[in-house]
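# Topology and contacts: notes
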Amino acid sequence: MQGTESLKILSVGDIAGDFFVPSYQRGYRWTDNEVRQLLDDIRASNGATYYLQPIVVKGRGGGSWELVDGQQRLTTLYLMFHYLRAAHLPSAIANYSITYETRPGSQAYLESLSGGLASTNIDFFHMFGAYQRIEAWFAQFEHRTVHEATRFYGFLFDSVKVLWYEAPESVDSRDLFTRLNVGRIPLTD
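A brief look at the structure comes next. All of these numbers come straight from a predicted model, not from anything done at the bench.

### Considering the nonpolar core
One finds Phe19, Leu84 and Leu156 to be the most contacted residues of the largest nonpolar core, which totals 52 residues. When neighbours within four sequence positions are excluded, leucine 84 is seen to be in contact with Leu89, Ala92, Phe138, Ala149, Phe152, Tyr153 and Leu156. Grouped together as the second largest cluster of nonpolar side chains are 5 residues, Tyr24, Val56, Tyr165 and Ala167 included.

Structure (C-alpha cells):
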C-alpha cells in the first residue's frame, strides 16, 4: 500500500514476511515472567480469540517489513513456533523471519538457539532464556505434552490475533516508535 496506512486484524498464523528490527530499538529483553504469562494466557483462552498488542510495521518492499513496534511479541511467538516444530510438530512453522540490525547473525541464531552461543551477546542470552522457559512450560504437562502442544499450536495459529498497522512510507519510523512507546503503561491482567 504505497503511501497509505493500513489497519487490520491478523491471526498469528497469517503473519508473514521478513522483519527487520532497526537499531533505534532495544534488543530482545522478555524475561521468564512475560514469556510464562503469554503462554498461560494463550492456553487459558482455550481457543477463544485472544488479542495481543498491536504490531506496527513499515513496508520495505518484497515482503520485507521494518518492525517499528512489536519485536518482543513477534520474537517470543517465533520462539514458540520454533519449540513446537523442534519438539513435537514438524509442520509448526512461523511464516516469518526476524533480523536485528544491531545483532549480526540474529536470524541464524533464532534458527539454531545454541546454548553455547547464548553468552556471546545479550539478545542471544535473552532469546535462549525465553526458549528454555517455553520448554519448561510445556514440560509441566508430562505425559500430555504432545496433546497440549497440538492444542496450543491451534490456538496460537488461529485464535491469537494482532492489530496489524502498516504505517505510510512518509512516516518517520523513529518518531513513530517514540510516540508509541513514550509513557507506555505496563500491561496487567
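### Notes on unusual backbone geometry
One non-glycine residue, asparagine 46, lies in the positive phi region at around 55 degrees. With respect to the secondary-structure elements, asparagine 46 resides in the loop between helix 1 (32-45) and strand 3 (50-51). Phi is positive for leucine 113, close to 45 degrees, though the residue is something other than glycine. For leucine 113, the location among the structural elements is in the loop between helix 3 (106-112) and helix 4 (122-139). What makes leucine 113 buried here is its relative accessible area of 7%.

### A look at the packing of aromatic side chains
Applying the stated criterion across every chain yields a total of 13 aromatic pairs. Ring geometry for tryptophan 65 versus tryptophan 164: centroids 5.4 Å apart, planes at 90 degrees, classification edge-to-face. With tryptophan 65 in strand 5 (residues 64-69) and tryptophan 164 in strand 7 (residues 160-166), this residue pair connects regions lying 99 residues apart in the sequence. What links up through ring pairs into an aromatic cluster is the set Tyr83, Tyr131, Trp137, Phe138, Phe141 and Phe152. A cation over an aromatic ring shows up here: arginine 60 above the ring of phenylalanine 20, its NZ or CZ 4.2 Å from the ring centre.

### A few points about the side chain of serine 11
Within the fold, serine 11 resides in strand 1 (residues 6-11). Taking the relative accessible area as the measure of exposure, serine 11 reaches 10% and is therefore buried. Within polar-contact distance, the side chain of serine 11 engages the side chain of lysine 161 at 2.7 Å.

### Quick notes on the environment of isoleucine 55
Mapped onto the elements, isoleucine 55 comes out in strand 4 (residues 55-61). We classify isoleucine 55 as buried; its relative accessible area is 0%. Along the primary structure isoleucine 55 and leucine 163 are separated by 108 residues, whereas in three dimensions their C-alpha atoms are 6.2 Å apart. Isoleucine 55 has contacts with Leu67, Asp69, Gly70, Arg73, Leu74, Val162, Leu163, Trp164 and Tyr165, leaving out every residue within four places of it along the chain.

### Brief notes about helix 4
Given a rise of 1.5 Å per residue, 18 residues ought to cover 26 Å, and the 26 Å separating the end C-alpha atoms of helix 4 matches this to within 8%. Listed in full, the buried residues belonging to helix 4 are Asp123, Phe124, His126, Met127, Phe128, Ala130, Tyr131, Ile134, Trp137 and Phe138. Buried residues along helix 4 sit in contact with helix 1, helix 2 (71-87), strand 6 (96-100), helix 3 and helix 5 (145-159). The N-cap residue of helix 4 is asparagine 121: its side-chain oxygen and the backbone nitrogen of aspartate 123 are 3.0 Å apart.

What counts and how
- Residues numbered from 1 in each chain as written.
- Predicted model: local features only at pLDDT ≥ 70, side-chain atom pairs only at ≥ 80, totals over all residues.
- Heavy atoms only, no water.
- Core = buried A, V, L, I, M, F, W, Y, C linked by side-chain atoms within 4.5 Å.
- Buried < 20%, exposed > 50% of the residue type's maximum accessible area, 1.4 Å probe, protein only.
- Contact = heavy atoms within 4.5 Å.
- Helix = DSSP H or I, 4+ residues; strand = E, 2+ residues; numbered from the N terminus.
- Phe/Tyr/Trp six-rings, centres within 6.5 Å; stacked < 30°, edge-to-face > 60°.
- Lys NZ or Arg CZ within 6 Å of the ring centre and 35° of its normal.
- Polar contact = N/O pair within 3.5 Å; in protein donor to acceptor, adjacent residues only side chain to side chain.
- Expected span 1.5 Å × (residues − 1).

Everything listed here is a matter of geometry and, on its own, says nothing about what the molecule does.
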